[in-house]
Amino acid sequence: MKNITILGATGSIGTSTLAVIDLHPNSFKVFAISANKSWQQMLKLCIKYQPEYAVMANENAASKLQKALTNDTKILSGAKSLNYIAAHKKTDYVMAAIVGVAGIHSVLMAAESGKRIMLANKESLILAGNILLESIIKNNSQLIPVDSEHCAIMQCIQNSKSKLQKVQLTASGGPFLNTPISKLKSVSIKDACNHPNWSMGHKISIDSATMINKGLEVIEAHYLFNLKPEQIEVVIHPKSIIHSLVYYKDGSVLSQLSNPDMRCAISYSMAYPNRIKSGVKTLDLIKHSPLEFYKPDYKKFPCLELAFESLKQGVSAIGAINAANEIAVAAFMQGKIKFLDIAKVIEKTLASTKRAELNNLASVIANNETARQVASLIIKQCSYN
Ligand SMILES: NC(=O)c1ccc[n+]([C@@H]2O[C@H](COP(=O)([O-])OP(=O)(O)OC[C@H]3O[C@@H](n4cnc5c(N)ncnc54)[C@H](OP(=O)(O)O)[C@@H]3O)[C@@H](O)[C@H]2O)c1
């Protein structure tokens, strides 16, 4: 029996993780769960799974949960409690599914404590890739990517990483693949969140619509598989059936296919090196035929190019674009800027921040804070509306 701590249990990945656990009650136990403010949803989860700990990052939400709950689950609050459950000696596996930079500390704590990290929170790898990977090696932890593209690559390279030529990350192109640029000016939050294939949280849905999500995944692939930027390509594959391709020097190309459902990658991260039932339907290739592939339109999706550019500029530039994106997406969600302004804010933040080596977590966090401030100022100064 493996004890699982789910950081971000109320989110899209958290919910899918619980659905896979439900299929294997004799193999996995929900040891601890966390959320930010969704205390009512957490209440339901505490009643159903009886975890030992439930952490609300938000203090106010924690006291509401505490008042409502009558079982033995211990309620903790604040960001430090996330670290506590991630590093707890009874935790075997950590599902890292907090959205954004808020997830970084707990992932590093899980790494330091020798856990298996099932990594959905790509931000921790993007911002602190070298620090995280060093800690994983030093502490004998395991890192299994949950992003479907990286999970696919991991599956493909199980037998051989030698003579790997390049990888291709597939991208659906999001909800605006076929929308002309002229119409993107006026798209709504609802339009941007309306992903054709995947059901995801708001932030990653908007990131998919701007395609910065794919750019962040390029950076993720660079760290995870030690690839140079020129070894990573993006190909548009609207149906999201093929989840990435690995090209070898002998001309062979390996890939992993499945219906677009995160339970596939989640179950792999839980069962690795084995496989377990995930609840995902068997793929019907005839039904999805034809599978199509296109070059990405970098003019329409400038965020993709900005991500490649930041990878070339180094770790402080990567931190800057990620921070600017988080600020810009929040501003878009609040109706303060338009969809196309997201890329402009990222570009201006990248140009207005300094490049530096970031060798420890404190410098990574400081760089993130500076870039957030710069991005906020850019939004204030340029009246985009
Ligand atoms: N969804 C997908 O299909 C998918 C695929 C690949 C990778 N990912 C990555 O997985 C991560 C989670 O994505 P998601 O779509 O599951 O997000 P989501 O649905 O928005 O859920 C986010 C979770 O994080 C919690 N949270 C939010 N802010 C927090 C904070 N400041 N401190 C602590 N917890 C906080 C939320 O709690 P509340 O409910 O209280 O807000 C919720 O449990 C992201 O990094 C995303 O890029 C997602």
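Structure shown above.
Here the structure is a predicted model, which means the values were calculated and not measured.

Burial of strand β3 (residues 53-56) is two-sided: the residues Y53 and V55 facing one way and the residues A54 and M56 facing the other way are all buried. When strand β2 (residues 28-35) meets β3, the two strands line up parallel, connected through four bridges. Counterpart to S34 in the pairing with β3 is V55. Handedness of the crossover is the feature at issue here: the chain leaves β3, passes through helix α3 (residues 59-68), returns alongside strand β4 (residues 74-77), and the resulting connection is right-handed.

Taken together, 24 residues lie around the ligand, and T10, N36, K37, S38 and D147 are the ones closest in. Here G11 contributes a backbone N or O atom positioned 3.3 Å from an oxygen atom of the ligand. About the coverage of the ligand: the protein hides 85% of its 900 Å² of free accessible area. Of the residues belonging to the shell around the ligand, the class tally is twelve nonpolar, eight polar and four charged. Shared between two domains, the shell around the ligand takes at least three residues from each, and those domains are domain 1 (2-145) and domain 2 (150-260 + 282-288).

Side chains that differ in charge, positive against negative, can pair when their charged atoms come close. Applying the stated criterion across every chain yields a total of eleven salt bridges. D22 serves as the salt-bridge partner of K48, at 3.2 Å between the closest nitrogen and oxygen. Of the two residues, K48 is situated in helix α2 (residues 39-49) and D22 in helix α1 (residues 12-22); the sequence distance between them amounts to 26 residues. Exposure remark for K48: the relative accessible area of 54% places this residue in the exposed category. The residue E149 makes a salt bridge to K214 at a minimum N-O spacing of 2.8 Å.

Glancing now at the sheet that holds strand β10 (residues 242-248). The mixed open sheet is built from four strands, whose spatial order is β9-β8-β10-β11. Two strands close off the open sheet at either side, each with one partner strand: β9 (232-236) and β11 (253-257). This sheet shows a mean twist of 20 degrees between the axes of neighbouring strands, independent of strand direction. Sheet topology note: the strand β8 (residues 164-171)/β9 ladder contains five bridges and is parallel. What sits directly across from A171, in β9, is I236.

Time to look at the state of the cysteines. This structure, assessed with the given rule, holds zero disulfides. Here C193 stays unpaired: no disulfide links it, and the sulfur of C303, its closest cysteine neighbor, is 15 Å away.

Scoring rules and cut-offs
- Residues numbered from 1 in each chain as written.
- Predicted model: local features only at pLDDT ≥ 70, side-chain atom pairs only at ≥ 80, totals over all residues.
- Heavy atoms only, no water.
- Buried < 20%, exposed > 50% of the residue type's maximum accessible area, 1.4 Å probe, protein only.
- Helix = DSSP H or I, 4+ residues; strand = E, 2+ residues; numbered from the N terminus.
- Pairing = 2+ DSSP bridges.
- Right-handed = clockwise from strand over helix to strand, strands pointing away.
- Near = heavy atom within 4 Å.
- Polar contact = N/O pair within 3.5 Å; in protein donor to acceptor, adjacent residues only side chain to side chain.
- Areas by Shrake-Rupley, 256 points an atom, 1.4 Å probe, with all protein chains shown as cover.
- Nonpolar A, V, L, I, M, F, W, Y, C, P; charged D, E, K, R; others polar.
- Domains from an automatic or database assignment.
- Salt bridge = Lys/Arg side-chain N within 4 Å of Asp/Glu carboxyl O.
- Axes fitted to C-alpha atoms, helices over the stretch in contact; angles between N-to-C directions.
- Disulfide = S-S within 2.5 Å.

Limitation: the analysis is restricted to geometry and does not speak to function.
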